[in-house]
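# Residue-level structural notes
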Amino acid sequence: MNFALKSLPANYLKFANYFRIQPTLKMSVSSSSSKLEEISIPMPWGHIAGKLRGNTNSEAVLCLHGWQDNCNTFDTLLPMLPPDKFYVLIDLPGHGKSSPYPQGLFYSMYCYVDLVERIRKHFSWSTFNLLGHSLGGNVSTVYSSAFPEYVERLIMIDTFGIHPYSIKKTPDQLRNAIEKYHNYEQDNRPEKEYTYEDAKKRLGTANPTLTERSLDILLERGLEKKENGYYFFSRDFRHTLPNPCYISGTQAPYFIRRITAETLRILADDGFVKIYLNDKTQPLMVELQSCFSDANCHLEEISVPGNHHVHLNTPENCAQQISAFLQRPPVKQTSSI
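Okay, empty space enclosed by the protein next. What the rule picks out here adds up to 1 cavity of 30 Å³ or more. Here the largest cavity is characterised by a volume of approximately 80 Å³. Lining the largest cavity, in full, are Gln 68, Asp 69, Asn 70, Gly 96, Leu 203, Leu 218, Leu 219, Gly 222, Phe 233, Ser 234 and Arg 235. Here the lining of the largest cavity gets 3 residues from one element, more than from any other, and that element is helix 6 (residues 212-222). Across the lining of the largest cavity, the residue classes tally to 4 nonpolar, 5 polar and 2 charged.

To continue, consider the packing of helix 5 (residues 196-206) against helix 6. Packing of helix 5 against helix 6 leaves a shortest axis separation of 10 Å and a crossing angle of 110 degrees. Here helix 5 is positioned roughly perpendicular relative to helix 6, judged by the angle of their axes. With respect to the hand of their crossing, helix 5 and helix 6 are arranged in right-handed fashion. For the pair helix 5 and helix 6, the contacting residues are Tyr 196, Ala 199, Lys 200, Leu 203 and Gly 204 in the first and Glu 212, Leu 215, Asp 216, Leu 218 and Leu 219 in the second. Taken together, the residues that form the contact of helix 5 with helix 6 break down as 6 nonpolar, 1 polar and 3 charged.

Another aspect to go through is the environment of Pro 148. Take Pro 148: it is sitting in the loop between helix 3 (135-146) and strand 7 (151-157). Setting aside chain neighbours within four positions, we find Pro 148 in contact with Tyr 143, Arg 258 and Thr 260.

Before going further, it helps to spend a moment on the layout of surface pockets. Computed from the structure, the largest pocket encloses a volume of approximately 1,000 Å³. Residue lining of the largest pocket: 41 residues in total, with Trp 67, Ser 134, Leu 135, Asn 138 and Tyr 165 positioned closest to the centre. Taken together, the elements giving at least two residues each to the lining of the largest pocket come down to helix 2 (109-123), helix 3, helix 5 and helix 8 (272-276). Each residue belonging to the lining of the largest pocket can be placed in one class, and the counts come to 20 nonpolar, 16 polar and 5 charged. Volume-wise, the second largest pocket comes out at about 710 Å³. The residue makeup of the lining of the second largest pocket, split by class, is 7 nonpolar, 5 polar and 8 charged.

Rules of the game
- Residues numbered from 1 in each chain as written.
- Predicted model: local features only at pLDDT ≥ 70, side-chain atom pairs only at ≥ 80, totals over all residues.
- Heavy atoms only, no water.
- 1 Å grid on protein atoms, 1.4 Å probe; cavity = no way out; pocket = protein on both sides within 12 Å on 5 of 7 lines; lining within 4 Å.
- Points joined across faces, edges and corners; volume = space filled by probe spheres on them.
- Helix = DSSP H or I, 4+ residues; strand = E, 2+ residues; numbered from the N terminus.
- Nonpolar A, V, L, I, M, F, W, Y, C, P; charged D, E, K, R; others polar.
- Axes fitted to C-alpha atoms, helices over the stretch in contact; angles between N-to-C directions.
- Parallel < 35°, antiparallel > 145°, perpendicular 65-115°, else oblique.
- Left-handed = near helix turned anticlockwise from the far one by under 90°.
- Contact = heavy atoms within 4.5 Å.

Shape descriptors only; they carry no functional weight alone.
Following this line, the structure appears as structure tokens:
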């Protein structure tokens, strides 16, 4: 069933036709009270922390959070998803309770893709599904390109899957990253301490899309308490520094066209599209969209009410669409019958 686009923001409406987005009605979903099990997965640099739900023999869904968030970002959504799957929620390196990379090393998209492959090998998955929000959606997309034979379904929440940069700026970006990392290593400023309320205020100021409840959910995993009763953010400050390498607009189509996973892209009507899409970025986004059309994957796109953290703030707005996507038979299998 299609619904009119007239209720969406003007900036969104301007570009919606490029992406064939079909808004959906807000629907309620019954929730499950299944408990999550904390895990720690050994890695060469330390460990990856996370949570599990479900039977290890069931179809696996690896959930990846956004930039500077943690795996608690899926706490409100997960109870609304199909209970017959095996969900693995991880904190990316230097986020939540996961070990940071050692000093002297960089964070980059390619490091995160490497991490996903390490997780797959840890669980001995022959195939699995990826569910990612924002940065996690981009990591999922690039992994699905590099290792297409392992990914059955790819779900992106409020991202286009790849955030390309100008290839002309590559040398300057590399130098800038190296200089910022070196400066950070030489900076001996003491770690900032906060009361809980001050930490919550800081996170809310940096992330105005988060509700009061969502702030508390992320801080439960994103803060560590010191003996003096004050808190500090557990995430690695280096995540705020520039990356040494990006995927350029020239490279991006070659990544996207390799994806074979059936793909669901969920865009919030007050989220990424409204913030990022403009006259300057629109041509490249249209080109990337055409690459998805050319890829050997079945792409579904929907618009839902909410902002960039729709899955956390108002999970009922996207849970039913994700559940239906995970539970339906593969389109390719159906079409071949």
